[in-house]
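A structural walkthrough
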Amino acid sequence: MKLGGREAVGYFAKPDPNKTGLLIYGADAMRVALRRQEVIKALVGPNGDDEMRLARISAAELRKDPALLSDAIKAQGFFPGPRVAFVEDAADGLTKVISDAMIDWQLGDAQVIVTAKQLPARSKLRKLFEGHKNAFAVGLYDDPPGRDEIEGMMRSAGCGAVDRDGMDALTALSREIGPGDLRQLIEKLALFKLGDRTPLTAMDVESLAPQSTEAALDDVINIVAEGRTAEIGPVMQKLRAQGVQPVGLCIGAMRHFRQLHAASSDPMGAAAGMGKMRPPVFGPRRDRMLRQAQGWGMHKLETAIGMLTDTDLQLRSTSRAPQMASVERLLVRLSMLARR
């Protein structure tokens, strides 16, 4: 049978030990590995590996010795409890071996967990699990995790309550970082809030979120928008060391100032304009941008956008002027404009 959406998320968290097997496939190896770890832990518990209730079989090993899977399914251990026979990185070439082993499966045998890379609809291995009456197949795609999935990660990590802005911040961040990084962040947040019963906030999320080149870009753009001219030089040195391109920096600044302009020119006020942004802006970042929009005003922001446009055109022209120096000069001019 085929599982998808919420049904699959629920099954990963609480799998049925009386099922014959589960196939997890997808192009993102990290997503597949995280889900495989989750479902195996739910079946055999945290000590299943130590208690020899988990048999790991690589695809290469199974090709050399097809009997390995059947033996693992039927093997009886010294410790009571559900058992798992895990086959890693399988492909269509192992379909017959896996099918033959599953034919002899009986209640009480080890459950077969198989992982694979992306499989097309015509895949034999995929058809085996989708057509099986007592097994499941789940395809994992590159869609960002939804709220239910994030909440499941938080429960698994022992993370407590989260307020609305905090959840919004986690959801927005899940679209920017990989599933492994998101899970690590949630585990860090759980440790950070250990013994603290207050809800997790957007500020907590932002303080522990992984720093990236994009975060450094945000830093310098905020410095400029807040008129902190003296701080521009050191941050620009960091951006140069990270290999940030002048055109990319100019584009990032243009996007930010256009957002501020859209908010400040809203007939209902900057706060109303900020609420109409897509994608939405939450928490402390929203408050910061609102202060910037109100401080600049619509007319000064129009001047700033004109200056950014002129520099962007210069960067894309045949001008021989040093590009990063031109951008830094622009940022200094903008920061001085913010203070007028």
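Residues numbered from 1 in each chain as written. Predicted model: local features only at pLDDT ≥ 70, side-chain atom pairs only at ≥ 80, totals over all residues. Heavy atoms only, no water.

1. A look at the nonpolar core
Spelled out, the test is: Buried residues of nine kinds, namely Ala, Val, Leu, Ile, Met, Phe, Trp, Tyr and Cys, make up a nonpolar core once their side-chain atoms join them within 4.5 Å. To sort residues, take the accessible area from a 1.4 Å probe on protein chains only and compare it with the maximum for the residue type: under 20% means buried, over 50% means exposed, and anything in between is partly exposed. By definition, any uninterrupted DSSP run of H or I lasting at least four residues is a helix, any uninterrupted run of E lasting at least two residues is a strand, and each is numbered from the N terminus. Any two residues whose heavy atoms approach within 4.5 Å are treated as being in contact.
Ranked by internal contacts, the top residues of the largest apolar core, which has 39 residues, are Leu249, Phe257, Leu331 and Leu334. Of all elements in the fold, only helix H11 (213-225), helix H12 (232-241), helix H13 (246-264), helix H14 (270-275), helix H15 (283-315) and helix H16 (323-338) reach the threshold of two or more residues within this core. In this structure Leu249 touches Leu217, Val220, Met236, Leu239, Val244, Met324, Val327 and Leu331, once residues within four positions along its chain are discounted. Counting residues in each nonpolar core, the second largest holds 27 residues, with Ala90, Leu94, Ile98 and Leu128 among its members.

2. Section: unusual backbone geometry
In this structure, Met52 is a non-glycine residue whose phi angle is positive, near 60°. Relative to the assigned elements, Met52 resides in the loop between helix H2 (29-44) and strand E3 (54-58). Note on Met52: relative accessible area 55%, which makes it exposed. Backbone geometry at Asp89 places phi at a positive 55°, although glycine is not the residue there. Looking at the element boundaries, Asp89 is found in strand E4 (residues 84-90). Take Asp89: its relative accessible area is 47%, and that puts it in the partly exposed class.

Geometry only, nothing functional implied.
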